[in-house]
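Letter by letter, the chains look like this.
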Amino acid sequence: REEFELFLTLSWVIWNQRNAVIHGGKIKDPGQLCKRAEVYLLEYRQAQDQLSIPSRQQSVTQWQPPPIDRYKLNFDAAIFTELGCSGFGAIVRNERGEVMAALSVKGPLVWNSEEAEALACRRAVEFAIDAGFAELMIEGDNVNVMKAVCSNSMDKSRLGHVFQDIQCLVHGLRWSSVSCVKRGANGAAHSLARFARYVSEETIWLEECPPPASDALYQDLLSLN
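Residues numbered from 1 in each chain as written. Predicted model: local features only at pLDDT ≥ 70, side-chain atom pairs only at ≥ 80, totals over all residues. Heavy atoms only, no water.

### Some points on the packing of helix H4 (residues 113-130) against helix H6 (residues 160-171)
Packed helices, taken two at a time, are described by the angle their axes make and the gap between the axes. As a reminder of what qualifies: Simply put, an axis is a line fit to the C-alpha atoms, just over the touching stretch for a helix, and the angle between two N-to-C directions goes from 0 to 180 degrees. Helix and strand assignments follow DSSP, with helices taken as H or I runs no shorter than four residues and strands as E runs no shorter than two, numbered in order from the N terminus. Comment on the angle field: the value is read as roughly parallel under 35 degrees, roughly antiparallel over 145, roughly perpendicular from 65 to 115, and oblique elsewhere. Crossings are sorted by hand: turned counterclockwise from the far helix by less than a right angle, the near helix makes the crossing left-handed, and turned clockwise it makes it right-handed. Two residues form a contact once any of their heavy atoms are found within 4.5 Å. In this classification, Asp, Glu, Lys and Arg are treated as charged, Ala, Val, Leu, Ile, Met, Phe, Trp, Tyr, Cys and Pro as nonpolar, and every other residue, Gly included, as polar.
Contact geometry for H4 and H6: axes closest at 9 Å, N-to-C directions at 25 degrees. Taken together, the axes of H4 and H6 lie roughly parallel to each other. The crossing of H4 and H6 is left-handed. Within the contact between the two elements, H4 uses Ala118, Leu119, Cys121, Arg122, Val125, Glu126 and Ile129 and H6 uses His161, Val162, Phe163, Asp165, Ile166 and Leu169. Here the residues of the contact of H4 with H6 are counted per class, giving nine nonpolar, one polar and three charged.

Below is the structure:
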């Protein structure tokens, strides 16, 4: 990466000198060009740091606990084409990995996984707020959905209104963070989403381990220890 940055900087300096000669201008003082090149290089590095944030979030492969006095909300979705519906799963845990609230519920038939994840996110945040949580770390495993939720620009896609609903809900929290993780860090929510196949109405667990996610929860606790 450092070699590439140096190449870009040198190329910029050479381009400026060449451009000055071609257009009959004066060759600029090398010292001035170096200062401008340093500014250019700094801007480039800052841009790269900003672009690398999603990839660092995406590298999380195991569930990590939230800070003390905060709660983590994980959600996921499943599509049951043969049943003509989808399934949503959500789980709220504290810094010790203890389950505070969990949900498994059927959702509507969807066009694709992105729509299912967006609807699951909205339902999960609504559920957590209704359960009394106002300081949440929200995690999902669909990159596009999590980026849309974090975006400051208006989403004009078919799911734009769903993302706006989620953003309004999140802004109403006292404290929040939104990030994308890999499936390995979202196992409990995934299990609850798959379990929705077997429920006729929403199933809620409060301060108890939901049996459908017991294996995933055990694996998460093992990774903590």
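This is not the end of the story, as more comes after the structure.
### Some details on the pairing of strand S2 (residues 85-93)
For clarity, the threshold we go by: Classification of residues uses two cut-offs on accessible area relative to the type maximum, computed with a 1.4 Å probe and protein chains only: under 20% is buried, over 50% is exposed, and between them is partly exposed. When DSSP finds two or more bridges between two strands, those strands count as paired.
For S2, a buried count of nine out of nine residues is recorded, marking the element as mostly surrounded by other parts of the structure. Between strand S1 (residues 71-80) and S2, which follow one another and run antiparallel, lie four residues, and Gly84 among them has a positive phi close to 70 degrees. Pairing between S2 and strand S3 (residues 99-107): eight bridges, direction antiparallel. Each bridged residue has a counterpart across the sheet, and for Ile91 the counterpart in S3 is Ala102.

### Considering helix H5 (residues 143-150)
Convention followed: Comment: arc refers to directions from the helix axis out to C-beta atoms. Think of a polar contact as two N or O atoms within 3.5 Å of one another; within protein, one of them needs to be a possible hydrogen donor and the other a possible acceptor, and neighboring residues in sequence only count if both atoms come from side chains.
If you check which residues of H5 are buried, you get Val145, Met146, Ala148 and Val149. Here the buried residues of H5 occupy an arc of 160 degrees about the axis, which is enough to place them on one side. Elements that come into contact with the buried residues of H5 comprise S1, H4, strand S4 (135-140), H6 and strand S5 (175-180). The N-cap residue of H5 is Asn142: its side-chain oxygen and the backbone nitrogen of Asn144 are 3.2 Å apart.

Worth remembering: the numbers are spatial, not functional.
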